[in-house]
Amino acid sequence: MKNKNFIKGLVAGFLIPIAIIMVLALFNVGNIGNLLQSTYILQTKSLKSLDFTEKTNGAIKGMMEELDDPYSYYMNPKEFNSLMEEVNGTYVGIGIYISQEKDSEFTTIMSPIKGTPAFDAGLLAGDKIISINGKSMSEKTPSEVSKAVKDAATKTIHIEISRDKETKEFDVKRTTIDIPTVDGQYIKNEDGIAYISISQFNDVTPTDLKKTIAELQKTGELKGIVLDVRNNPGGSVPGVVEVAQTFLPADDYILWVLEKSDKTSYKSKNTNPLSVPMVMLINENSASASEILAGALKDNGVATLVGTTTYGKGIIQTVYSLRDGGAVKITTAQYLSPKKHKIHKVGVKPDVKVKASSDDPLTIYSVDATKDNQLSTAISELKKKMQ
């Protein structure tokens, strides 16, 4: 008797959902009828057939595209693995950070990584990627552009970019990139003033920063810091929170995170922060996690911001792994600065506004105040604070 009841329940468990789907399809509720009809037409009429996995992956991609959010997309297992390599600090590529602005046909280079093939070849922030090895990158997502680079059959890729309405072409070697997230040195002829640049935020950035500061302190007295996040496209939120705690005392707010149905605050837990006068350099290509750090140091009165208003990406993406090894990356929250200033599509404004005087974007990597007027201004502002 128990077995019969079990079988009846099992059959009902299958039939009821099927019946519901049929009713919904009959009245085309939520366009389910269209979905089933399109699937049937594709299966019976299309010259090119898709297997079940390809259909479901296509449906997932379609849902991501319907969000109309350039930061939300589906990744197959290989693409997800590549993303995890970048988060961990190493990946195969040419050494560029890329993003896609809304309504833009092409993916944009946010920043070349200093010391990589892309940097040495002359690729610049703001370049739009037109083609890779002759294949058009029109309407391709950043994930698809990255895949085109990593899956290239040749060790050297031919990349075509658009810069200032001109088309330029480069041959760039593809190699394993060990991402150097932090670089530091004392500024020549400036007693005790250190220059520290952070190129992006990943899992190793907090450790890199601590090592850099420790090495500087070994070679001389650290009297002040110029912290540079110009052209830093962002990265890991946990990474930037830990970096912020290096400079913020316990209980200082770092950021507020507003999710769909929740609000969370992050506070510093550091009872012994590094306390030296600080100026932070920002520009229009400082985005996401860079803006979190800029907002945290500005609102808490720890650093004076010098440069131009940041990019204005005040939203957070979360990556959810899928059963087949792929993942979906979706926007799950927006963040506010400690004083609850909105960042998204607004940016963080500098305390001292200074536009770059040089037309050469590589000037900011020179660590030469005679060439870099923003750095020169930062040093002047830092000396005021040191007095």
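Sequence order as written defines residue numbering, which begins from 1 separately in each chain. Local features in this predicted model are restricted to residues whose pLDDT is 70 or higher, and side-chain atom pairs enter the listing and the counts only when it is 80 or higher, whereas totals over whole chains, interfaces and linings include all residues. To obtain the side-chain values, all non-hydrogen atoms of the structure were included, while hydrogens and water were left out.

A look at the overall build of the protein chain
When helices and strands are tallied, the protein chain shows 10 helices and 19 strands. Contact criterion: two residues are considered in contact whenever any of their non-hydrogen atoms come within 4.5 Å of each other. Across the protein chain, the fraction of contacts at a sequence separation of at least 24, relative to all contacts at a separation of at least 6, is 66%. Accessible surface, the protein chain as shown: approximately 20800 Å² in total, 53% of it carbon and sulfur. Only four residue types enter the tally: Lys and Arg on the positive side, Asp and Glu on the negative side, with His and both chain ends excluded. To locate a charge, take atom NZ for lysine, CZ for arginine, CG for aspartate or CD for glutamate. If the 46 positive side-chain charges of the protein chain are averaged to one point and the 46 negative ones to another, these points end up 6 Å apart. By definition, any uninterrupted DSSP run of H or I lasting at least four residues is a helix, any uninterrupted run of E lasting at least two residues is a strand, and each is numbered from the N terminus. Accessible areas in this description were obtained via Shrake-Rupley with a 1.4 Å probe; residue shielding takes into account the shown protein chains only.

Considerations on unusual backbone geometry
Generally, phi is negative for residues other than glycine and the peptide bonds are trans, each holding for most cases. Of note, the phi angle at asparagine 133 is positive, near 50°, even though the residue is not glycine. Examined against the element boundaries, asparagine 133 turns out to sit in the loop between strand 5 (128–132) and strand 6 (135–136). Three labels apply to residues, based on accessible area from a 1.4 Å probe with only protein chains included: buried if under 20% of the type maximum, exposed if over 50%, partly exposed otherwise in between. According to the relative accessible area criterion, asparagine 133 is partly exposed, its value standing at 38%. Positioned with a positive phi, lysine 345 is a non-glycine residue whose angle comes to about 60°. Examined against the element boundaries, lysine 345 turns out to sit in the loop between strand 18 (327–336) and strand 19 (352–353). Overall, the relative accessible area of 71% leaves lysine 345 in the exposed class.

Regarding helix 7 (residues 205–219)
The length a helix should cover is 1.5 Å for every residue beyond the first. Over its 15 residues, helix 7 extends 21 Å from the first C-alpha to the last, a length consistent with the 21 Å expected when each residue adds 1.5 Å. Residues of helix 7 that are buried include every one of Thr205, Pro206, Leu209, Thr212, Ile213 and Leu216, and no others. An end-on view of helix 7 places all buried positions within 125° of arc, on one side of the element. Seen from the buried face of helix 7, the exposed residues on the opposite side, beyond 90 degrees, are Lys211, Glu215 and Lys218. Those residues of helix 7 hidden inside the fold are in contact with strand 10 (182–186), strand 11 (193–198) and helix 8 (237–247). Here, the arc refers to the directions that run from the helix axis to the C-beta atoms.

Quick notes on the packing of aromatic side chains
Here the aromatic set is Phe, Tyr and Trp, taking the six-membered ring for Trp, and pairing holds for ring centres within 6.5 Å; pairs whose planes are under 30 degrees apart are stacked, those over 60 apart are edge-to-face, and all others are tilted. For the structure on display, the rule yields 2 aromatic pairs. Relative to tyrosine 365, the ring of phenylalanine 119 has its centre 5.0 Å away and its plane inclined at 85°; by these criteria the two rings are edge-to-face. Separated by 246 residues along the polypeptide, phenylalanine 119 in helix 5 (residues 117–121) and tyrosine 365 in the loop between strand 19 and helix 10 (373–386) bring together distant segments of the chain. For phenylalanine 119, a relative accessible area of 16% corresponds to the buried category.

Structural notes on the environment of isoleucine 109
Take isoleucine 109: it is sitting in strand 4 (residues 108–112). Placed 16 residues apart in sequence, isoleucine 109 and alanine 125 show a C-alpha to C-alpha distance of 5.3 Å. Setting aside its immediate chain neighbours within four residues, isoleucine 109 contacts Ile96, Tyr97, Ile98, Leu123, Leu124, Ala125, Gly126, Asp127 and Ile129.

As for the pattern of salt bridges
The rule for a salt bridge is simple: a side-chain nitrogen of Lys or Arg has to be within 4 Å of a carboxyl oxygen of Asp or Glu. If you walk through the whole model with that rule in mind, you get 11 salt bridges. Residue glutamate 190 is joined to lysine 383 by a salt bridge in which the shortest nitrogen-to-oxygen separation is 2.9 Å. Residue glutamate 190 is located in the loop between strand 10 and strand 11, and its partner lysine 383 is located in helix 10; the two are separated by 193 residues in the primary sequence. Taken together, the shared-partner salt bridges in this structure form one network comprising Lys78, Lys147 and Asp151.

What to know about the packing of helix 8 against helix 9 (residues 289–299)
At a minimum axis distance of 9 Å, the contact between helix 8 and helix 9 shows a crossing angle of 25°. The angle between helix 8 and helix 9 falls in the class roughly parallel. Pair helix 8 / helix 9 crosses with right-handed handedness. Taken together, the residues of helix 9 that come into contact with helix 8 (itself represented by Val237, Val240, Val243, Ala244 and Phe247) are Ala289, Ile292, Leu293 and Leu297. Of the residues assigned to the contact of helix 8 with helix 9, the class counts are 9 nonpolar, no polar and no charged. Note on definitions: angles span 0 to 180 degrees between N-to-C directions of axes, and those axes are lines fitted to C-alpha atoms, for helices only across the stretch in contact. Here roughly perpendicular refers to angles of 65 to 115 degrees, roughly parallel to angles under 35, roughly antiparallel to angles over 145, and oblique to all remaining angles. Each crossing gets its handedness from the near helix: less than a right angle anticlockwise from the far helix is left-handed, clockwise is right-handed. Think of it as three bins: nonpolar holds Ala, Val, Leu, Ile, Met, Phe, Trp, Tyr, Cys and Pro, charged holds Asp, Glu, Lys and Arg, and polar takes everything else, Gly as well.

Description of the nonpolar core
To qualify as a nonpolar core, a set must consist of buried Ala, Val, Leu, Ile, Met, Phe, Trp, Tyr and Cys residues joined through side-chain atoms within 4.5 Å. Core analysis: the biggest nonpolar cluster contains 41 residues, and Ile225, Leu227, Phe247, Met280, Leu293 and Leu297 have the highest contact counts within it. Here leucine 293 is in contact with Phe201, Leu227, Val240, Val243, Ala244 and Met280, once residues within four sequence places are set aside. Ranked by size, the runner-up nonpolar core spans 16 residues in total, among them Ile132, Val145, Ala152 and Ile161.

Let's talk about the sheet that holds strand 12 (residues 224–228)
Between any two strands, pairing holds if DSSP finds at least two bridges. Taken together, 6 strands build an open sheet; the order of strands is 10-11-12-15-16-19 and the sheet is mixed. A single partner strand is all that each edge strand has here, and the edge strands are strand 10 and strand 19. Here strand 16 (residues 303–307) runs beside strand 19; their pairing, made up of 2 bridges, is parallel. Paired with glycine 307 across the two strands is lysine 353, which belongs to strand 19. Against the sheet, helix 9 touches strand 12, strand 15 (278–282) and strand 16, its axis set at about 145° to strand 15. Docked against the sheet, helix 10 engages strand 11, strand 12, strand 15, strand 16 and strand 19, running at close to 160° with respect to strand 15.

Description of the environment of alanine 289
As for its placement among the helices and strands, alanine 289 is situated in helix 9. Classification of alanine 289 as buried rests on a relative accessible area of 1%. For the pair alanine 289 and threonine 107, spaced 182 residues apart in the sequence, the C-alpha separation amounts to 20 Å. Residues within four places of alanine 289 in sequence aside, it is in contact with Phe201, Gly234, Gly235, Ser236 and Val240.

Looking at helix 10
Across its 14 residues, helix 10 extends 20 Å between first and last C-alpha, which sits within 8% of the 20 Å expected from 1.5 Å per residue. If you check which residues of helix 10 are buried, you get Gln374, Leu375, Ala378, Ile379, Glu381 and Leu382. The elements touched by buried residues of helix 10 are strand 11, strand 12, strand 15, strand 16 and strand 19. Under this definition, polar contacts are N or O atom pairs within 3.5 Å; protein pairs additionally need one hydrogen-donor-capable and one acceptor-capable atom, and for neighbouring residues in sequence, both atoms have to be side-chain atoms. Two or three places before glutamine 374, at the start of helix 10, stands the capping residue aspartate 372, its side-chain oxygen 3.2 Å from that residue's backbone nitrogen.

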